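Reading the structure
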Amino acid sequence: MVSPLDDVARPPEEVRPPGAALLPEDSPHRALEEIQLPLDALEERAARCGLGGIPTKVRARERLSAADGLAMYQSPDIALLGLLADEERARRHGDVAFYNVNIHINYTNWCNKFCEFCAFQRRPGDDGAYCMSPEQIEAELAAADPAATEVHMVAGVWPALKYDYFLDILRAAKRARPDIHVKAFTMVEIDQIVKTAGKPLAEVMQELRQAGLDSMPGGGAEVFSERVRQELYPKKMSAERWIELARDIHQLGFRTNATMLYGMTETLEERVDHLERLRALQDQTGGFQAYIPLAFHPDNTGIDHLPFPSPPERLRAIAIGRLFLDNFDHIKAYWVMLGLPVAQMGLNYGANDLDGTVTQEKIYHDAGAGTPQQLHLDHLQQLIREAGRVPTERDTLYQVVAR
Ligand code: V47
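Helix and strand counts for the protein chain stand at 18 helices and nine strands. A globule of 403 residues ought to have a C-alpha radius of gyration of about 22 Å, and the protein chain, at 21 Å, matches this closely. On the principal axes, the C-alpha backbone points of the protein chain span a range of 60 × 50 × 45 Å. In the protein chain, buried positions account for 49% of the 403 residues.

Structure (structure tokens):
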């Protein structure tokens with residue numbers, strides 16, 4: 001099956017024809033007032049597309065309700081959502097858009113969760129099944145981009161893997177790259193690691209920290225609906241357990257990210273409920289750094305009759321994330337999954353982060369993502385400039401990296 005993203009896997013020269021204008025390096029930062037439209041004009045347009053009252057709330061920084069969330073998913077006026085989300089992004093981040101230099105390592109595809117949406121999972125012995133040794137991880141990192149500040153390590157869940165294996169792969173990562181930030185293990189992996197260790201969470205997290213774990217990514221949340229879980233991923237942890245673990249881990253001092261996998265069989269109400277639960281948890285802990293909406297890629301999955309969400313729907317997901325999650329600092333347009341054009345457009349729909357240079361990502365590529373495995377730094381910066389933003393390198397904790 002031809003992926004709708006095939007057309008974006010091109011080298012930078014073809015994305016930007018020679019001679020095409022770029023914003024100058026020293027492009028002045030625009031003041032917020034320069035991009036703000038008069039509120040009455042926004043409200044007049046909003047009233048015509050079921051979004052009445054939302055511009056006023058956004059400008060007053062008033063929290064949006066679940067009914068507002070649903071209205072935003074139902075409204076035909078995605079461009080208005082983009083305008084509002086872009087204003088909110090500009091208020092928080094000015095003209096800066098972040099990127100980072102990172103490496104992805106999916107250390108095993110062995111998995112016993114058998115989620116219908118996943119094209120990555122294998123049983124040991126299946127065609128293409130693998131589990132990387134600590135030595136392989138060390139060698140891969142030692143050979144990877146020396147400029148990388150982050151390694152993102154996530155994988156399947158296989159209970160027979162010993163607790164020491166997880167400590168060893170963290171140590172291997174730090175042996176290869178003592179200064180690299182290790183962002184590893186979704187809540188689903190952590191849940192299994194804790195069970196395997198047979199020790200209290202706090203003790204396990206302390207040992208993982210000592211072995212090299214620095215923070216955690218946002219995966220494994222899928223969509224929190226119990227109905228969808230029973231239908232598509234009944235063996236995966238419940239929403240309640242994901243939230244409980246994330247809360248406890250934040251309270252132990254770790255930062256994590258948050259995601260929502262959308263475009264499966266969830267209703268719009270279930271998407272809003274997911275966002276409400278993330279927002280409520282963030283109110284309690286403040287431990288989430290970024291929200292990353294993940295568009296479902298159907299190829300090679302058990303639900304491949306479903307379409308890949310359209311570009312407008314992918315942009316809508318970013319805009320709603322920015323507007324609804326008022327207590328999240330960062331909204332990430334993950335280009336590997338969105339495709340380069342949509343991710344780049346996402347910077348005008350509320351996203352302030354394009355994520356990274358990313359090498360050897362397997363979860364989306366097994367599910368049909370036609371994006372490249374790696375973006376050259378110049379290309380990433382060029383995409384950001386073309387979107388009208390000032391490319392700014394960050395580390396995992398959103399500190400600016402000065403080179
Ligand atoms: O948990 C799996 C999703 C997630 C498919 O925190 C799929 O910075 C779409 O968590 N189509 C793992 N999505 C990836 C992840 C992530 C990615 C980028 C940045 C960060 C971060 C985290 O990928 C899984 C699942 O929700 N996923 N299969 C699929 N076919």
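Moving on to the site of the ligand. Near the ligand lie 22 residues; those nearest to it are Pro217, Gly219, Asn257, His297 and Ala367. At the level of secondary structure, the elements contributing two or more residues to the shell around the ligand comprise β5 (256-262), β6 (288-295) and α17 (363-366). Among the elements that make up the shell around the ligand, the one with the highest residue count is β5 (three residues).

Membership of the largest hydrophobic core comes to 117 residues, with the highest contact counts inside it found for Val151, Leu170, Ala173, Tyr291, Leu323, Ala333 and Leu354. Here this core spans two domains, and each of domain 1 (4-96) and domain 2 (98-393) adds at least three residues to it.

On to the packing of helix α7 (residues 134-143) against helix α8 (residues 163-176), then. Orientation of α7 relative to α8, taken along the N-to-C sense of each, is 25°, at an axis distance of 8 Å. On the basis of their axis angle, the class for α7 and α8 is roughly parallel. Considering only the axes of α7 and α8, their crossing is right-handed. Between α7 and α8, the contacting residues are Pro134, Glu135, Ile137, Glu138, Leu141 and Ala142 on the first element and Asp168, Ile169, Ala172, Ala173, Arg175 and Ala176 on the second. Within the contact of α7 with α8, the residues separate by chemical class into eight nonpolar, no polar and four charged.

Secondary-structure assignment places glycine 356 in strand β8 (residues 353-356). Residue classification places glycine 356 among the buried residues on the basis of 28 C-beta atoms within 10 Å. Taking the C-alpha atoms as reference, glycine 356 lies 15 Å from asparagine 257; in sequence the two are 99 residues apart. In this structure glycine 356 touches Tyr99, Asn100, Val101, Asn102 and Glu150, once residues within four positions along its chain are discounted.

Moving on to the domain arrangement of the protein chain. When the domains of the protein chain are assigned, the result is domain 1 (4-96) and domain 2 (98-393). For domain 1 and domain 2, the distance between their C-alpha centroids amounts to 25 Å. Counting residues at the interface gives 32 residues for domain 1, matched by 39 residues for domain 2. Among the secondary structure elements, those contributing two or more residues to the side of domain 1 that touches domain 2 are α1 (12-15), α5 (66-74) and α6 (78-93). Broken down by element, the side of domain 1 that touches domain 2 gets its largest block of residues, ten residues, from α6. Here the side of domain 1 that touches domain 2 is built from residues that sort into 19 nonpolar, five polar and eight charged.

What counts and what doesn't
Residues numbered from 1 in each chain as written. Predicted model: local features only at pLDDT ≥ 70, side-chain atom pairs only at ≥ 80, totals over all residues. Helix = DSSP H or I, 4+ residues; strand = E, 2+ residues; numbered from the N terminus. Rg over C-alpha atoms; globule rule 2.2 N^0.38 Å. Buried ≥ 20, exposed ≤ 12 C-beta atoms within 10 Å, placed from the backbone. Near = placed C-beta within 6 Å. Core = buried A, V, L, I, M, F, W, Y, C linked by C-beta atoms within 7 Å. Domains from an automatic or database assignment. Axes fitted to C-alpha atoms, helices over the stretch in contact; angles between N-to-C directions. Parallel < 35°, antiparallel > 145°, perpendicular 65-115°, else oblique. Left-handed = near helix turned anticlockwise from the far one by under 90°. Contact = placed C-beta atoms within 7 Å. Nonpolar A, V, L, I, M, F, W, Y, C, P; charged D, E, K, R; others polar.

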